[in-house]
Amino acid sequence: MHDVLIIGAGPAGLAAALWCDELGLDTLVLEQSEAVGGQLLSIYNRIENYPAVIAENGSEFLALLSPKLESADFDLWTNTAIESVDLKAKRIALQSGEQLQAISLIIATGVRRRTLGIPGEMEFRERGILSSANKHRDELSGHDVCIVGGGDAALENALLLADVCATVTVVHRGRVLKARREFTEQLIAHHNITVFPESVLTRILGKEKVEAVEILRKDALKPFQMAVHDVLIRIGVEPNSELFKDQLKLNEQKYIVVNGAQETDVANVFAVGDVSNPLAPTISGATGAGATAAKVIASRLNSRR
Ligand SMILES: Cc1cc2nc3c(=O)[nH]c(=O)nc-3n(C[C@H](O)[C@H](O)[C@H](O)COP(=O)(O)OP(=O)(O)OC[C@H]3O[C@@H](n4cnc5c(N)ncnc54)[C@H](O)[C@@H]3O)c2cc1C
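Residues numbered from 1 in each chain as written. Predicted model: local features only at pLDDT ≥ 70, side-chain atom pairs only at ≥ 80, totals over all residues. Heavy atoms only, no water.

Undergrad: So what's going on with the site of the ligand? Which residues, and what values?
TA: Not every one of the 30 residues close to the ligand is listed here, only the nearest: Glu31, Gln39, Asn49, Asp274 and Ile283. A distance of 2.9 Å separates an oxygen atom of the ligand from a polar atom in the backbone of Ala12. Interatomic distance of 2.6 Å between a side-chain N/O atom of Glu31 and an oxygen atom of the ligand. Of all the elements in the fold, those that place two or more residues in the shell around the ligand are α1 (11–22), β9 (111–113) and α6 (283–304). (Near = heavy atom within 4 Å. Polar contact = N/O pair within 3.5 Å; in protein donor to acceptor, adjacent residues only side chain to side chain. Helix = DSSP H or I, 4+ residues; strand = E, 2+ residues; numbered from the N terminus.)

Here it is in C-alpha cells:
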C-alpha cells in the first residue's frame, strides 16, 4: 500500500512526486513512455514563461529538473502500461498482471494532439508529416508546406515557416480563423501564405514520403490535389482521460473536473496539469497543480496519523 500513486510523469506528475517526497509520503509514479517529461520532450521553442527559468527547449528544461529528480526518494516506473483503474478502491491493475494500491491517486496524464484520421496520416509520420515546425525548420528551405488548423498553433507555425518555405498553405474548416489577432494580422505581410477556409484535408498522398494533399472545399463536389513536400497538423489537443471515464466527472471536452484542491468528485482522487486544465495549460500551471494536490494529500494523511 502506497500513500500516493501518480499516473503520468510530465511536469504535473513530476512536480507532484517531488512535493510528495518532500512531505514524507511514500510515492510511486507510473509512466507509460520510456522517458519522463511528457510534452516537454516535444517542445523545440524557447521556454521563457516559467518564472525564474529560461530554457532553450523542453529537453533543456527537463535537464534543469533532473538533478532534483535524481536526488528525490520516490519510485518511478517507466514503460508501464496500465490495464485498468478502480478509482473508488484506489487500485491499479497493470498489463503485467501486477496490482497496486494507494490511499490517494493523482492523475497527471496530460493531453495528446488531435489527429485527422485520414488516409496517409499515420503512414507518412516523420516522412513529410512534421512533428514540429521548430524542430524541422532548417530542413524546409524552399519547401511547399500544408498546415492544417486555424488556431494559434497553426498560424504561429505558418508564420514561422513562411520565412524559410517557398509556400505555406493553411487549410481550416471554419469560415474565419480562430487564431489571435496578433497572428492573423501578420498574414498580410507574407505573400507566400495562402489560406483555404471552409476546407478539409481528405487524403495525404505519396510513395516513399508525402508528395501531395487532397483538399475538399465546402460546396465543391470533388476534392482537388495540391503538391506539397510536408504537412503539419495542428487541430488542437484532447485529454488523456479515457482510462477513468464513467468513474469521475468529465466536462464536455472530456477534461477531468476538479475543485480548488485539485480533487475530483471521487474522494482522494486528484487530477493535475493539462488533463484537468482546458483553459490555461502551461508548465507553471501543471507544476503548481501538482504541488497543491501533494500538499492537500499530506495534510489529510498527517491529520489521520
Ligand atoms: C510544442 C509545445 C510547446 C509548448 N510550449 C510551452 C511553453 O513555452 N510554456 C509553457 O508553460 N507550456 C508550454 N507547453 C505546454 C506544456 O508542455 C504543458 O502544459 C505541460 O507539459 C503539461 O504537463 P502535464 O504533466 O499536465 O502533461 P504532459 O506533459 O502531457 O504529460 C503527461 C504524461 O502522462 C503520461 N501518460 C498519459 N497517459 C498515461 C497512462 N495511461 N499511463 C501512464 N502514463 C500516462 C504521458 O506519457 C506523459 O508523460 C508547450 C507544449 C507543446 C506541445
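Undergrad: Pulling in residues and values, what's your account of α6?
TA: Taking 1.5 Å per residue as the helical rise, α6 with its 22 residues ought to reach 32 Å, and the 32 Å between its terminal C-alpha atoms agrees with that figure. Those residues of α6 that sit buried are Ile283, Ala286, Thr287, Ala289, Gly290, Ala291, Ala293, Ala294, Val296, Ile297, Ala298 and Leu301. On its buried face, α6 sits against β1 (2–7), α1, β3 (47–50), α2 (58–71), β8 (99–107) and β19 (269–271). (Expected span 1.5 Å × (residues − 1). Buried < 20%, exposed > 50% of the residue type's maximum accessible area, 1.4 Å probe, protein only. Contact = heavy atoms within 4.5 Å.)

Undergrad: Describe the packing of aromatic side chains, listing the residues and the values that go with them.
TA: For the structure shown, the criterion picks out two aromatic pairs. Between Phe196 and Phe224 the ring centres are 5.7 Å apart and the planes differ by 75 degrees, which places this aromatic pair in the edge-to-face class. Here Phe196, found in strand β13 (residues 193–196), pairs with Phe224, found in strand β16 (residues 224–227); they are 28 residues apart in sequence, far enough to count as distant. Take Phe196: its relative accessible area is 14%, and that puts it in the buried class. (Phe/Tyr/Trp six-rings, centres within 6.5 Å; stacked < 30°, edge-to-face > 60°.)

Undergrad: I'd like a rundown of the environment of Leu201, residues and numbers included.
TA: Within the secondary structure, Leu201 sits in strand β14 (residues 199–206). Here Leu201 falls in the buried class, since its relative accessible area comes to 5%. Residues Leu201 and Thr292, 91 residues apart in the sequence, show an inter-C-alpha distance of 42 Å. Aside from chain neighbours lying at most four places away, what touches Leu201 is Leu116, Ile118, Cys146, Val148, Val171, Val213, Glu214, Ile215 and Val231.

Undergrad: Residues and numbers for the sheet that holds β14, please.
TA: Strands sit in the order β14-β15-β16 across an open sheet of three strands; the sheet is antiparallel. Lying at the two open borders of the sheet, with one neighbouring strand each, are β14 and β16. Adjacent strand axes in the sheet meet at a mean angle of 30 degrees, parallel and antiparallel pairs treated alike. Both β14 and strand β15 (residues 210–217) contribute to a ladder of seven bridges, which runs antiparallel. Looking across to β15, one finds that Leu201 is bridged to Ile215. (Pairing = 2+ DSSP bridges. Axes fitted to C-alpha atoms, helices over the stretch in contact; angles between N-to-C directions.)

Undergrad: Help me get a handle on the layout of surface pockets, residues and values and all.
TA: Gaps left between atoms are located by rolling a probe of water-molecule size over the structure's atoms. Roughly 250 Å³ of volume is contained in the second largest pocket. If you go around the second largest pocket, you meet 14 residues; those closest to its centre are Ala15, Leu18, Tyr50, Leu65 and Thr287. Among the secondary structure elements, those contributing two or more residues to the lining of the second largest pocket are α1, α2 and α6. When grouped by side-chain class, the residues that make up the lining of the second largest pocket number eleven nonpolar, one polar and two charged. (1 Å grid on protein atoms, 1.4 Å probe; cavity = no way out; pocket = protein on both sides within 12 Å on 5 of 7 lines; lining within 4 Å. Points joined across faces, edges and corners; volume = space filled by probe spheres on them. Nonpolar A, V, L, I, M, F, W, Y, C, P; charged D, E, K, R; others polar.)

Undergrad: Pulling in residues and values, what's your account of the nonpolar core?
TA: One broad trend across soluble globular proteins is that nonpolar side chains are buried collectively. Within the largest apolar cluster, 34 residues are counted, with the highest numbers of intra-cluster contacts made by Val4, Ile6, Leu25, Phe74, Ile106, Val272 and Ile297. Secondary-structure elements contributing two or more residues to this core are β1, α1, α2 and α6. Apart from the residues within four sequence positions on either side, Ile6 is in contact with Gly13, Ala16, Ala17, Thr27, Leu28, Val29, Leu30, Ile106 and Ala108. Judged by nonpolar contacts, the second largest core, of 20 residues, contains Leu5, Leu28, Leu30 and Ala271. (Core = buried A, V, L, I, M, F, W, Y, C linked by side-chain atoms within 4.5 Å.)

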